[in-house]
Amino acid sequence: MSFLAMQQVGFTFPGWPPVVRQIDWDIEKGEFHCLVGRSGCGKTTLLKLAAGLLHPDEGRIALHGMDVLAPGPELGFVFQSPTLLEWHRVLDNVLLPVSLQHRPTAGEIDKAQQLLAQLGLASHARHYPRQLSGGQQSRVALARALILEPSLLLMDEPFAALDAITREELQDDLLQMCRSRRTTVLFVTHDIAEAVYLADRVAVMDAGRIVQDIRVDIGKPRTTATRYSEAFARHCSQVRAAMDKVAA
Amino acid sequence: MNTKLLRMRVGSLVLLALLLLAWEWAARGFGLSALVLPAPSVIFKSLWNGLASGYFWPHVRSTGSELLLGLAIGCIVGFASGVIMSESAFLRALLMPYVVVSQVIPKLALMPLFIVWFGFGMTSTVVITALICFFPLMENTLTSLQQVEPQRLELFRMLGATRRQTLLRLKLPAGLPGILAGLRVAVVLALVGAVVGEFIGANRGLGALVIASQGMMDTPLMFAVLVLIAVLGMLVYQATLALEKWLLLPYTKVS
């Protein structure tokens, strides 16, 4: 049985055409999957369904074989914008998922410091979010999503607003953090190169359906050299072709 | 930047001195009666006499306490109503028409009624001040709490926050800048409420003193009291600004 299993999932906002239709998708433990598609193709909605923020009208979504009914500590979610609380220091922002449950223990505070250190933000723990750059804020949001050690991480175009170089740095950080924790990731993006660089599998979505399933068999770990390899370019053009075919 | 600011401040003071000098010169030169427009020197003498003899202090204390008491009551009730109405759509729909009606009536027109209800003196003035402060606080609290970014609400849902936690740890801190802007408006209105309330409802306080000086045809005294009212207003307003700046420090700090 798969780690995350979606069967014939459908979802409709009342009064609108279906946003998500007949989705079948499985993710195995520790895999990194990307959902790509044009704006409005339903990828964010599918992610919210997987998070339990929305409930499917048809079909079922199961995590470890159990239906996803509500968000829980099993899941980490990273939004399009960092959504940090500007009145809390960086450290308290990272600890937010903990402090909503109970007063953070010394061990948990240490863990938060460690996460920040791994993301190169050790010296910013006492700062406020407004004092950080956009890339640093995205890192804090990532640390916040990882503090409870979720087994599934759902990400909704988290790096879309960053410049190209910062984005590549964050992609490397993300891959490294997830590999060391064996975190399963479902990552939504509209950037083809980002999808191919990060993913083991890419799902191309259009009009609420998954229209193509592309396995990315490029070796790991991926490095800057990967981005300029022939295999990388071939996969990018394959994804691109899949998106074009849909548009035609 | 700092020297520029300093130069502006000095400029303002110089302008003030020039205006006062021109006023003094005009009052003396045209031989205007002190009943119409007293010279600044005459006003200052009246102000000094009142302060030195202790004549002004009970009045300042009275207006000050009415102002603070009315402000505190109005703001607490306004804030609490704003929170309750933002949390409950039912209460919002139920109460909003009454709140609007209560605000459309000019509150000072209610002062004679309050004198009948609460008597001549401090209570009536406090009630009217509180009523005036209530609205900006309620309105700003209600709006600020409803304008929380949807993604942040989703984040709190994602993290399994209770309704209480979402209110206390997300909505209130996120709405704080807007709520404090309401407080700033309330402070200015509170002084108007207290002074004008005293015009008709009290025999003590700076407002009552303005009316008394009119009755005594003592225009220099009236001007002296107006100066006191302006100083009192500036003090309360600056204190509010300082409080706001301090509370919003994490929100504004950028370096």
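Please read all numbers here as calculations on a predicted model, not as lab measurements.

Here is what the cut-offs are and how they apply
Residues numbered from 1 in each chain as written. Chains lettered and ligands numbered in written order. Predicted model: local features only at pLDDT ≥ 70, side-chain atom pairs only at ≥ 80, totals over all residues. Helix = DSSP H or I, 4+ residues; strand = E, 2+ residues; numbered from the N terminus. Buried ≥ 20, exposed ≤ 12 C-beta atoms within 10 Å, placed from the backbone. Contact = placed C-beta atoms within 7 Å. Rg over C-alpha atoms; globule rule 2.2 N^0.38 Å. Pairing = 2+ DSSP bridges. Core = buried A, V, L, I, M, F, W, Y, C linked by C-beta atoms within 7 Å. Domains from an automatic or database assignment. Axes fitted to C-alpha atoms, helices over the stretch in contact; angles between N-to-C directions. Nonpolar A, V, L, I, M, F, W, Y, C, P; charged D, E, K, R; others polar.

Draft legend 1. Inspection of the overall build of chain B at higher detail. When helices and strands are tallied, chain B shows 11 helices and zero strands. Its helices and strands taken in sequence order, chain B reads α-α-α-α-α-α-α-α-α-α-α from the N to the C terminus. Taken over 255 residues, chain B has a buried fraction of 33%. Expressed as a percentage of contacts within chain B between residues at least 6 apart in sequence, the contacts between residues at least 24 apart total 76%.

Draft legend 2. Broad picture of the overall build of chain A. Of regular secondary structure, chain A possesses nine helices and 10 strands. Taken against the 2.2 N^0.38 rule, which gives 18 Å for 248 residues, the C-alpha radius of gyration of chain A at 18 Å falls within 12% of a compact globule. Once the C-alpha set of chain A is aligned to its principal axes, its extents read approximately 50 × 40 × 35 Å. Within chain A, the proportion of its 248 residues that are buried is 42%. Contacts in chain A between residues far apart in sequence, at least 24 positions, make up 69% of those at least 6 positions apart.

Draft legend 3. Region of interest: the sheet that holds strand S5 (residues 66-67) of chain A. In space, the four strands of this open sheet follow the order S2-S1-S4-S5 (chain A), with antiparallel pairing throughout. Looking at which strands have only one partner, the edges of the open sheet turn out to be strand S2 (20-27) and S5 of chain A.

Draft legend 4. How the structure looks around the pairing of strand S8 (residues 184-189) of chain A. Residue and element names in this part refer to chain A. Of all six residues in S8, six are buried; the element is thus mostly enclosed. Because side chains alternate across S8, one face comprises the buried residues Thr-184, Leu-186 and Val-188, and the other comprises Val-185, Phe-187 and Thr-189, equally buried. By the bridge criterion, five bridges tie strand S3 (residues 32-36) to S8 in an arrangement that is parallel. Residue pairing across strands places Leu-35 opposite Val-188, the latter belonging to S8.

Draft legend 5. The environment of Ala-39 of chain B, seen in detail. Residue and element names in this part refer to chain B. Mapped onto the secondary structure, Ala-39 falls in the loop between helix H1 (2-29) and helix H2 (40-53). With 110 residues separating them along the chain, Ala-39 and Glu-149 place their C-alpha atoms 56 Å apart. Once residues lying within four places of it in the same chain are set aside, the contact partners of Ala-39 are Trp-23, Glu-24, Ala-27 and Arg-28.

Draft legend 6. How the structure looks around the nonpolar core. Of all hydrophobic cores here, the largest spans 79 residues; its most connected members are Ala-50, Leu-154 and Val-202 of chain A. Ranked by residues supplied to this core, first place goes to helix H5 (residues 134-146) of chain A with six residues. Counting the residues that make up this core, at least three belong to each of domain 1 (1-71 + 175-248) and domain 2 (75-149) of chain A. Contacts of Val-202 of chain A, omitting those with residues within four sequence positions, involve Cys-34, Val-36, Ala-195, Val-196, Ile-214, Val-216 and Val-239 of chain A. Core analysis: the second largest hydrophobic core is formed by 43 residues, Val-127, Leu-131, Val-195 and Phe-223 of chain B among them.

Draft legend 7. Examining the sheet that holds S8 of chain A more closely. Residue and element names in this part refer to chain A. If you trace the six strands from one edge of the open sheet to the other, you get S6-S7-S8-S3-S9-S10, paired in mixed fashion. The sheet is open, and its two borders are formed by strand S6 (75-78) and strand S10 (209-215), each paired with just one other strand. Going across the sheet, the axis of each strand differs from the next one's by a mean of 15°, ignoring polarity. Bridge count between S6 and strand S7 (residues 152-156): four bridges; the pairing is parallel. By the bridge assignment for S7, Val-78 is matched with Met-155.

Draft legend 8. Summary view of the domain arrangement of chain A. You can read the domains of chain A as domain 1 (1-71 + 175-248) and domain 2 (75-149). Across the boundary between the two partners, domain 1 of chain A contributes four residues, which contact five residues of domain 2 of chain A.

Draft legend 9. Representation of unusual backbone geometry in the model. All names here are of chain A. Phi angles above zero are rare outside glycine, and Gln-22 is one such case at about 45°. Of note, Gln-22 is situated in strand S2. Assessed through the 15 C-beta atoms surrounding it within 10 Å, Gln-22 is described here as partly exposed. If you check the backbone angles, Glu-149 has positive phi at about 50° while not being a glycine. When you line up the elements, Glu-149 lands in the loop between H5 and S7.

Draft legend 10. Structural context of the interface of chain B and chain A. With 16 residues of chain B at the contact, the number on the chain A side is 17 residues. Within the residue set of the side of chain B that touches chain A, elements represented by two or more residues are helix H7 (150-158), helix H8 (163-201) and helix H11 (249-252) of chain B. When residues of the side of chain B that touches chain A are assigned to their parent elements, the largest contribution, six residues, is made by H7 of chain B. Counted by class, the side of chain B that touches chain A contains eight nonpolar, four polar and four charged residues.

Draft legend 11. Quick look at helix H9 (residues 206-215) of chain B. Listed in full, the buried residues belonging to H9 of chain B are Leu-206, Gly-207, Ala-208, Leu-209 and Val-210 of chain B. Summarising the contacts, the buried residues of H9 of chain B are in contact with helix H3 (57-87), H8 and helix H10 (219-247) of chain B.

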